[in-house]
Amino acid sequence: MIAAESSFIHRFVPATESGPKITLLLLHGTGGDEEDLIPLGQQLAPGAALLSPRGRVLEHGMPRFFRRLAEGVFDLEDLKLQTDALAKFAADASHKYGLDGRKTIAVGYSNGANIAASVLLTHPHLLSGAVLFRPMVPFRPDPVPNLNDVPVLLAAARRDQIVPPLHTSELSHILAAAGARVTTHWHPGGHELGADDIAAAKGWFGEYSP
């Protein structure tokens, strides 16, 4: 099902009767769309409900979830605006589709991982967990939110040409200081996803408990 709600074009895939009673909020990278992470979501949590919005911001015609001023330099005003809009979309969609809003897990890649981290830090009660592939630090929160016991997987890369390893370490510290249960996986290659990333995420979901 493809629909538009709260100004987000999105695709929704209902859970199967035998699937886990969770919803994956799938957040694509720059240039992606609402279809990009559907196969990944189905692989990570077979049978779960999938909610996959398309970023509303265009950069040279490529969808993103928020604007940036340069590579790695975020437009913080737009980040806040788009983060709030995404949080409202997720809450509205949860009500519309009859989902359990207490069991929503973000799965984001690159730009999608960054806005997922922003949602965690500004709407700490919205997500029950997150898998962040190649995230950066979206901003440094003040005050620190309460993410007590929220499980988060950071999937980073040793040779990432876009995300410096220092960003991963700092984001891990920020989330841990907020009380999150942070697990970090290091891929030996670059920004692209590897089979080991998928295996680490599947293992994380195998141990996940809301």
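Up top is the structure these notes are about.
Residues numbered from 1 in each chain as written. Predicted model: local features only at pLDDT ≥ 70, side-chain atom pairs only at ≥ 80, totals over all residues. Heavy atoms only, no water.

Peer 1: When you look at the overall build of the chain in this model, what are you seeing that I'm missing?
Peer 2: The secondary structure content of the chain amounts to five helices and 12 strands. At 15 Å, the chain has a C-alpha radius of gyration in line with the 17 Å of a compact globule built from 210 residues. In terms of overall dimensions, the chain has a C-alpha envelope of 40 × 35 × 35 Å along the principal axes. Burial analysis of the chain (210 residues in total) assigns 54% to the buried set. Sequence separation of at least 24 residues holds for 70% of the intrachain contacts in the chain that already meet a minimum separation of 6. (Helix = DSSP H or I, 4+ residues; strand = E, 2+ residues; numbered from the N terminus. Rg over C-alpha atoms; globule rule 2.2 N^0.38 Å. Buried < 20%, exposed > 50% of the residue type's maximum accessible area, 1.4 Å probe, protein only. Contact = heavy atoms within 4.5 Å.)

Peer 1: Can you help me understand helix H5 (residues 195–207) in this one?
Peer 2: Side chains three or four residues apart in an α-helix point the same way, a direct result of the helix having 3.6 residues per turn. When the terminal C-alpha atoms of H5 are compared, their 19 Å separation across 13 residues agrees well with the 18 Å that a helix rising 1.5 Å per residue should span. What H5 keeps buried is the set Asp 197, Ile 198, Ala 201, Trp 204 and Phe 205. Projected onto a plane normal to the axis of H5, the buried residues spread over an arc of 120 degrees and lie on a single side. Facing away from the buried side of H5 by over 90 degrees, the exposed positions are Ala 195, Gly 206 and Glu 207. (Expected span 1.5 Å × (residues − 1). Arc of directions from axis to C-beta.)

Peer 1: Help me understand the side chain of Asp 78, please; the structure alone is not making it clear to me.
Peer 2: With respect to the helices, strands and loops of the structure, Asp 78 is situated in helix H2 (residues 76–96). Of note is the side chain of Asp 78, whose polar atom sits 2.8 Å from the backbone nitrogen of Arg 67. Filtering out sequence-adjacent residues up to four positions away, Asp 78 remains in contact with Val 57, Phe 66 and Arg 67. (Polar contact = N/O pair within 3.5 Å; in protein donor to acceptor, adjacent residues only side chain to side chain.)

Peer 1: Can you help me understand the nonpolar core in this one?
Peer 2: The tendency in soluble globular proteins is for nonpolar side chains to be buried side by side. By size, the foremost hydrophobic cluster in this structure holds 42 residues, and its most contacted members are Leu 27, Leu 120, Leu 132, Leu 147, Val 152 and Leu 175. Residues in contact with Leu 132, not counting those within four places in the same chain, are Gly 108, Ala 113, Ala 116, Ala 117, Leu 120, Val 152, Leu 153, Leu 154, Ala 155 and Leu 171. Among the nonpolar cores identified, the runner-up in size contains 22 residues, and Ala 48, Leu 50, Val 107 and Ala 155 belong to it. (Core = buried A, V, L, I, M, F, W, Y, C linked by side-chain atoms within 4.5 Å.)

Peer 1: Help me understand helix H4 (residues 165–177) in this model?
Peer 2: A rise of 1.5 Å per residue sets the reference length of H4, with its 13 residues, at 18 Å; its end C-alpha atoms lie 19 Å apart and thus fit the reference within 8%. Where H4 is concerned, the buried positions are His 167, Thr 168, Leu 171, Ser 172, Ile 174 and Leu 175. Projected down its long axis, H4 shows its buried positions confined to an angular sector of 165 degrees, all on one face. The exposed set on the far side of H4, more than 90 degrees from its buried face, consists of Leu 166, His 173 and Ala 177. In this structure, the buried residues of H4 make contact with helix H3 (111–122), strand E10 (129–133), strand E11 (151–157) and strand E12 (181–187). Within two residues after H4, Gly 179 carries a phi angle of roughly 105 degrees, on the positive side.

Peer 1: What's the story with the pattern of salt bridges in this structure? I'm lost.
Peer 2: Should the charged atoms of two oppositely charged side chains come close, the side chains can pair. Under the counting rule described, the total for this entry stands at 10 salt bridges. Measuring nitrogen to oxygen at the nearest pair gives 2.7 Å for the salt bridge that ties Arg 11 to Glu 35. Pair noted here: Arg 11 is in strand E2 (residues 8–13) and Glu 35 is in the loop between strand E3 (23–27) and helix H1 (38–44), with a separation of 24 residues, a long-range link. (Salt bridge = Lys/Arg side-chain N within 4 Å of Asp/Glu carboxyl O.)

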